[in-house]
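Listed here are the chains, written in short residue letters.
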Amino acid sequence: MDIRAIIMGLAFALMWSSAFTSARMIVVDAPPLAALALRFLVSGLLGVGIAAALGQSWRLTPAQWRSVAIFGLCQNALYLGLNFVAMQHVEASLAAIIASTMPLLVALLGWLFLGQKIRPLGVAGLLAGTAGVAIIMGSRLSGGVSLSGLALCGMGALALAVATLTVRGASSGGNVLMIVGLQMFVGAAILGVVSAATETLAVRWSPRLVLAFAYTTLFPGLIATWVWFRLVDRIGAVRAATYHFLNPFFGVLVASLLLAEHVGPADVLGVAIVAAGILAVQLSKAGEAATAGAGTG
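Residues numbered from 1 in each chain as written. Predicted model: local features only at pLDDT ≥ 70, side-chain atom pairs only at ≥ 80, totals over all residues. Heavy atoms only, no water.

Caption draft 1: Up close: the environment of Trp65. Relative to the assigned elements, Trp65 resides in helix H3 (residues 62-86). Residues Trp65 and Pro120, 55 residues apart in the sequence, show an inter-C-alpha distance of 36 Å. (Helix = DSSP H or I, 4+ residues; strand = E, 2+ residues; numbered from the N terminus.)

Caption draft 2: Local environment of the packing of aromatic side chains. Overall, the coordinates contain four aromatic pairs when judged by the stated rule. Residues Phe12 and Trp228 carry aromatic rings whose centres are separated by 4.8 Å and whose planes lie at 35° to one another, so their mutual orientation is tilted. Of this pair, Phe12 sits in helix H1 (residues 3-29) while Trp228 is found in helix H9 (residues 207-235), placing the two residues 216 residues apart along the sequence. Assessed through its relative accessible area of 5%, Phe12 is described here as buried. For the ring pair Trp16 and Tyr79, a centre distance of 6.4 Å and an interplane angle of 15° mean the geometry is stacked. Of this pair, Trp16 sits in helix H1 while Tyr79 sits in helix H3, placing them 63 residues apart in sequence. Across this residue pair, the class does not change: Trp16 and Tyr79 are buried. Site record: aromatic cluster; members linked through ring pairs are Trp16, Phe20 and Tyr79. (Phe/Tyr/Trp six-rings, centres within 6.5 Å; stacked < 30°, edge-to-face > 60°. Buried < 20%, exposed > 50% of the residue type's maximum accessible area, 1.4 Å probe, protein only.)

Caption draft 3: Local environment of the packing of H1 against H3. Between H1 and H3, whose axes approach to 9 Å, the crossing angle comes to 50°. Between H1 and H3, the crossing angle belongs to the class labelled oblique. For the crossing formed where H1 meets H3, the hand is right-handed. Between H1 and H3, the residues in contact are Trp16, Phe20, Ala23, Ile26 and Val27 and Tyr79, Asn83 and Phe84, respectively. For the contact of H1 with H3, a count of residues per class yields seven nonpolar, one polar and no charged. (Axes fitted to C-alpha atoms, helices over the stretch in contact; angles between N-to-C directions. Parallel < 35°, antiparallel > 145°, perpendicular 65-115°, else oblique. Left-handed = near helix turned anticlockwise from the far one by under 90°. Contact = heavy atoms within 4.5 Å. Nonpolar A, V, L, I, M, F, W, Y, C, P; charged D, E, K, R; others polar.)

Caption draft 4: View of the environment of Cys153. Relative to the assigned elements, Cys153 resides in helix H7 (residues 147-166). Distance from Cys153 to Leu38, taken between C-alpha atoms, is 21 Å for residues 115 residues apart in sequence. Leaving out residues up to four positions away in the same chain, Cys153 has contacts with Asn83, Ala86, Val90, Ala95 and Ile98.

Caption draft 5: The arrangement of the confidence of the model for the protein in detail. Looking at the protein as a whole, the pLDDT averages 88, with 93% of positions reaching at least 70. The weakest mean pLDDT in the protein belongs to helix H10 (residues 237-241) at 72; the strongest belongs to helix H2 (residues 32-53) at 94. (pLDDT = per-residue confidence, 0-100.)

Caption draft 6: Focus on the nonpolar core. Of all hydrophobic cores here, the largest spans 82 residues; its most connected members are Phe20, Ile26, Met87, Val90 and Leu94. Among the elements that take part in this core, H1 stands out by supplying 11 residues, more than any other. (Core = buried A, V, L, I, M, F, W, Y, C linked by side-chain atoms within 4.5 Å.)

Caption draft 7: A look at the environment of Ala13. Position of Ala13 among the secondary structure elements: in helix H1. A relative accessible area of 0% places Ala13 in the buried class. Apart from residues lying up to four places away in sequence, Ala13 is in contact with Tyr243, Leu246, Asn247 and Phe250.

Caption draft 8: Fine view of the pattern of salt bridges. According to the stated counting rule, one finds three salt bridges in the structure shown. Here Arg204 ties to Asp29 by a salt bridge, and the two come within 3.4 Å at their closest N and O atoms. Placement of Arg204 in the loop between helix H8 (176-198) and H9 and of Asp29 in helix H1 is noted, with a sequence separation of 175 residues between them. Taking relative accessible area as the criterion, Asp29 reaches 12% and is therefore assigned buried. The network of salt bridges with shared partners includes Glu91, Arg140 and Asp267. (Salt bridge = Lys/Arg side-chain N within 4 Å of Asp/Glu carboxyl O.)

Caption draft 9: A look at unusual backbone geometry. For Ala260, which is not glycine, the phi dihedral falls at a positive 55°. By secondary structure assignment, the location of Ala260 is in the loop between helix H11 (247-259) and helix H12 (265-295).

Caption draft 10: How the structure looks around helix H6 (residues 120-142). For H6, spanning 23 residues, the distance from its first C-alpha to its last is 33 Å, which sits close to the expected 33 Å at 1.5 Å a residue. Among all positions of H6, only Gly122, Gly125, Leu126, Gly129, Gly132, Ile136, Met137 and Arg140 are buried. Gly144, located one to two residues past H6, shows a positive phi value of around 85°. (Expected span 1.5 Å × (residues − 1).)

Caption draft 11: Here's a closer look at the state of the cysteines. Across all of its chains, the model carries zero disulfides by this definition. Summary of cysteine pairing: Cys74 is not part of a disulfide, and the nearest cysteine sulfur, belonging to Cys153, is at 17 Å. (Disulfide = S-S within 2.5 Å.)

Dropping the structure here:
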């Protein structure tokens with residue numbers, strides 16, 4: 001049993017999931033895209049600075065530069081940008097649940113457009129995930145949730161799924177922290193331009209805003225991304241992605257504890273079903289990888 005990998009996976013899932021709660025705190029008092037652009041700029045400066053101090057190089061492989069561009073656009077600008085805007089209208093727990101469906105979207109898009117096969121366990125996971133989301137949405141829609149906010153969250157999750165499918169081998173060749181930092185600069189540049197064109201820079205300063213911004217910048221923004229790349233390096237992308245099944249639980253738990261968001265029985269049931277669906281999809285992929293490895297041995 002790889003205890004270190006387990007700790008890394010748990011830490012990543014907790015930091016990734018908590019980002020929705022800290023983001024919700026930020027967008028209450030600051031324009032979302034401007035705040036996110038500043039976060040990316042600070043994270044990028046820290047990441048690149050630390051990477052340079054560790055001797056990492058700007059000389060990346062073509063695959064790594066492709067990762068910088070695609071993840072900077074899809075993960076940072078689109079996925080997080082859309083979620084930050086959406087969380088002006090929806091609760092952090094709901095945004096976290098929708099974002100947690102990303103592994104299900106990756107499997108579905110891979111099957112529809114890339115010809116990737118899905119084993120029966122994976123099909124069951126997709127169906128379970130869809131049922132879980134339907135249960136949650138049915139409960140939330142009856143309570144008057146923002147449809148535009150839901151649409152933005154869904155588009156964000158789709159953007160992250162596309163990035164995940166199109167970028168392979170991003171962490172190979174070293175310079176992981178440098179790659180993470182450069183991705184932040186891409187997101188900062190894109191969102192900075194969009195913010196300048198669409199937002200009014202009005203900030204209500206408060207201790208909560210400062211703490212939430214500092215936490216989001218350092219932990220979900222920089223450290224969680226670095227931990228993810230290191231985890232993939234250590235145990236592989238398929239096994240690492242299994243930890244995503246924890247995200248619905250952690251996302252709802254953190255939002256409930258820190259923001260006192262209401263969690264009803266339908267939410268609990270739906271989260272459990274979505275998590276089981278994600279786990280089933282990832283376990284089916286792990287089974288495929290094991291079978292392929294045995295066949296080439």
